[in-house]
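Structural features, examined
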Amino acid sequence: ERKQMKVFRKILKVMGITIGIFAGLICILAIYNQIALKAETDDIIPNGQMIDLGDYRVHVYSEGENEKAPTLVFLSGSATVAPVYDFKALYSRISDEYQIAVVEKAGYGYSDIVEVDRDVASMVMEVRSALNGAGIEAPYVLLPHSMSGLEAIYWVQNYPDEISGIIGIDMAVPDAYDKEYNLIISKTMMTLGRASVKLGLLRIPGIYPLNEAPLTEKEAKQQRLLMYRNAVNPVYIAEGQKVYENAQTVKTGGAISCPVLMFCSDGTEIGDFWIPTQEKFAEENQAKIICFDCGHYIHYYKSEEMVDHIESFLAEIIG
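Criteria and cut-off values
- Residues numbered from 1 in each chain as written.
- Predicted model: local features only at pLDDT ≥ 70, side-chain atom pairs only at ≥ 80, totals over all residues.
- Heavy atoms only, no water.
- Patch = residues over 30% accessible without salt bridge, like charges linked within 9 Å, V, L, I, M, F, W, Y side chains within 5 Å.
- Areas by Shrake-Rupley, 256 points an atom, 1.4 Å probe, with all protein chains shown as cover.
- Salt bridge = Lys/Arg side-chain N within 4 Å of Asp/Glu carboxyl O.
- Lys, Arg positive; Asp, Glu negative; His and termini not counted.
- Charge placed at Lys NZ, Arg CZ, Asp CG, Glu CD.
- Helix = DSSP H or I, 4+ residues; strand = E, 2+ residues; numbered from the N terminus.
- Buried < 20%, exposed > 50% of the residue type's maximum accessible area, 1.4 Å probe, protein only.
- Pairing = 2+ DSSP bridges.
- Axes fitted to C-alpha atoms, helices over the stretch in contact; angles between N-to-C directions.
- Contact = heavy atoms within 4.5 Å.
- Phe/Tyr/Trp six-rings, centres within 6.5 Å; stacked < 30°, edge-to-face > 60°.
- Lys NZ or Arg CZ within 6 Å of the ring centre and 35° of its normal.

1. Details of a negative patch on the surface
Negative charge collects at one region of the surface, where Asp96, Glu304, Asp308 and Glu311 lie side by side. Counting through the fold element by element, Asp96 comes out in the loop between helix 3 (88-91) and strand 4 (100-104). For Asp96, a relative accessible area of 62% translates into the label exposed.

Below, the structure is given as structure tokens:
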């Protein structure tokens, strides 16, 4: 029995030392992270226009000529740390024919991180104001990814004259945020994610993978710096907390009348409910839907195939 007690004490001692070392390393990493964030501020350099909206600034990046209206406006999914780089794999294949614009909402990319209303009406107004400030006028074709599908639908419902069409990139539809969407689990994940950011855990290679395939070395570095600064920030959390309410607003906002093309993933990264909600929305809105056997960030895997369909769709609606 004494022997067992000695072994047990040794185990406890080793565990205590291990936990102490681990806690010490985490503290060192957290301190380093705060120092690094301040030092990196001057290294974060926008590649587009910073549009002053009064209390904060929103980043708008554009390229290509607007010879073939409308402008293609990319809207990012929830918590995408740097949309201007995230979408490059796709827009770089289109901007030789069309003007493209990536609007990074508050908390995204190079835009300011501020406390701001995240109801769907406010977010759409923010993007519209930013485009206007950048001198990029309607009409637009919206390319929403994931959660920003709600914004695209709301935009068409309320400002139909500005929108020539929607090209959904695995875009969310209102039914996606009904019973299947667990707000408690989402909030818990956001809280844990925010804690990991504060502790600097995202600086550990491989913890937060980024798609760097289409980027230059300079762009890849900028994307990493924006990830350290932006990941799981309070704006993302506020947006997530509003998503059910926003979905209901859109759901009761009436039908949409513009042409719609939808690219759909295999749904495995989201849930079994995803594809049925996509197909239902497509049927109700006479949308063409194209499904790919790939993950949620379709533009990472299928940008080349997407371009062919996008160009055909644009040719039809522009005439």
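2. Section: the sheet that holds strand 1 (residues 49-52)
Across the sheet, which stays open at both edges, the eight strands sit in the order 1-2-4-3-5-6-7-8 with mixed pairing between neighbours. A single partner strand is all that each edge strand has here, and the edge strands are strand 1 and strand 8 (288-291). Strand-to-strand twist across the sheet, computed as the mean angle between neighbouring axes with direction ignored, equals 20°. Two elements, strand 3 (residues 71-75) and strand 4, share three bridges in a ladder whose sense is parallel. Pairing of Val73 across the sheet is with Ala101, part of strand 4. Strand contacts of helix 4 (residues 120-133): strand 1, strand 2 (57-63), strand 3, strand 4 and strand 5 (140-144), with the helix running at about 130° to strand 4, the strand carrying the most contacts.

3. Description of the packing of aromatic side chains
For the coordinates displayed, the defined rule picks out 10 aromatic pairs. Look at Phe74 and Tyr91: their rings are 6.0 Å apart centre to centre, the planes differ by 70°, and that puts the pair in the edge-to-face class. Taken together, the residues Phe74 in strand 3 and Tyr91 in helix 3 connect sequence positions 17 residues apart. A single burial state applies to Phe74 and to Tyr91, both of which are buried. An angle of 75° between the planes, with centres 6.1 Å apart, marks the rings of Tyr85 and Tyr110 as edge-to-face. Taken as a pair, Tyr85 in helix 2 (residues 83-86) and Tyr110 in the loop between strand 4 and helix 4 lie far apart in primary sequence, 25 residues in all. Note on accessibility: Tyr85 and Tyr110 belong to one class, buried. Grouped by ring-pair contacts, the aromatic residues Tyr61, Phe74, Phe87 and Tyr91 constitute a single cluster. When the ring centre of Tyr159 is taken as reference, the NZ or CZ atom of Arg128 above it lies at 3.6 Å.

4. Things to note about the pattern of salt bridges
Throughout the structure, instances matching the rule amount to 11 salt bridges. Here Arg128 makes a salt bridge to Glu162, at a shortest N to O gap of 2.6 Å. On the criterion of sequence distance, the pair formed by Arg128 in helix 4 and Glu162 in the loop between helix 5 (149-158) and strand 6 (163-169) is long-range, its members being 34 residues apart. Considered together, Arg128 and Glu162 belong to a single accessibility category, that of buried residues. Here Arg224 ties to Glu212 by a salt bridge, and the two come within 3.1 Å at their closest N and O atoms. Of this pair, Arg224 sits in helix 7 (residues 217-230) while Glu212 sits in the loop between helix 6 (183-198) and helix 7; the two residues are 12 residues apart in sequence, bridging distant segments of the chain. Relative accessible area serves as the criterion here: at 30%, Arg224 is assigned to the partly exposed category. Judged by its relative accessible area of 32%, Glu212 is partly exposed.

5. Some thoughts on unusual backbone geometry
Cis geometry marks the peptide bond from Ala138 to Pro139; its omega dihedral reads 10°. With respect to the helices and strands, Pro139 occurs in the loop between helix 4 and strand 5.

6. Here we look at the environment of His145
By secondary structure assignment, the location of His145 is in the loop between strand 5 and helix 5. As a C-alpha pair, His145 and Phe74 span 71 residues in sequence and 7.9 Å in three-dimensional space. Among residues more than four places away in sequence, those in contact with His145 are Leu75, Ser76, Gly77, Phe87, Ile169, Met171, His296, Tyr297 and His299.

7. Some words on the pairing of strand 8
Consecutive side chains of a regular strand alternate in pointing toward one face of the sheet and then the other. The sheet contact formed by strand 7 (residues 260-264) and strand 8 spans four bridges and is parallel. Pairing of Phe263 across the sheet is with Ile290, part of strand 8.

8. Examining the side chain of Ser148
As for its position among the elements, Ser148 is in the loop between strand 5 and helix 5. Overall, the relative accessible area of 0% leaves Ser148 in the buried class. Setting aside its immediate chain neighbours within four residues, Ser148 contacts Leu75, Ser76 and Gly77.

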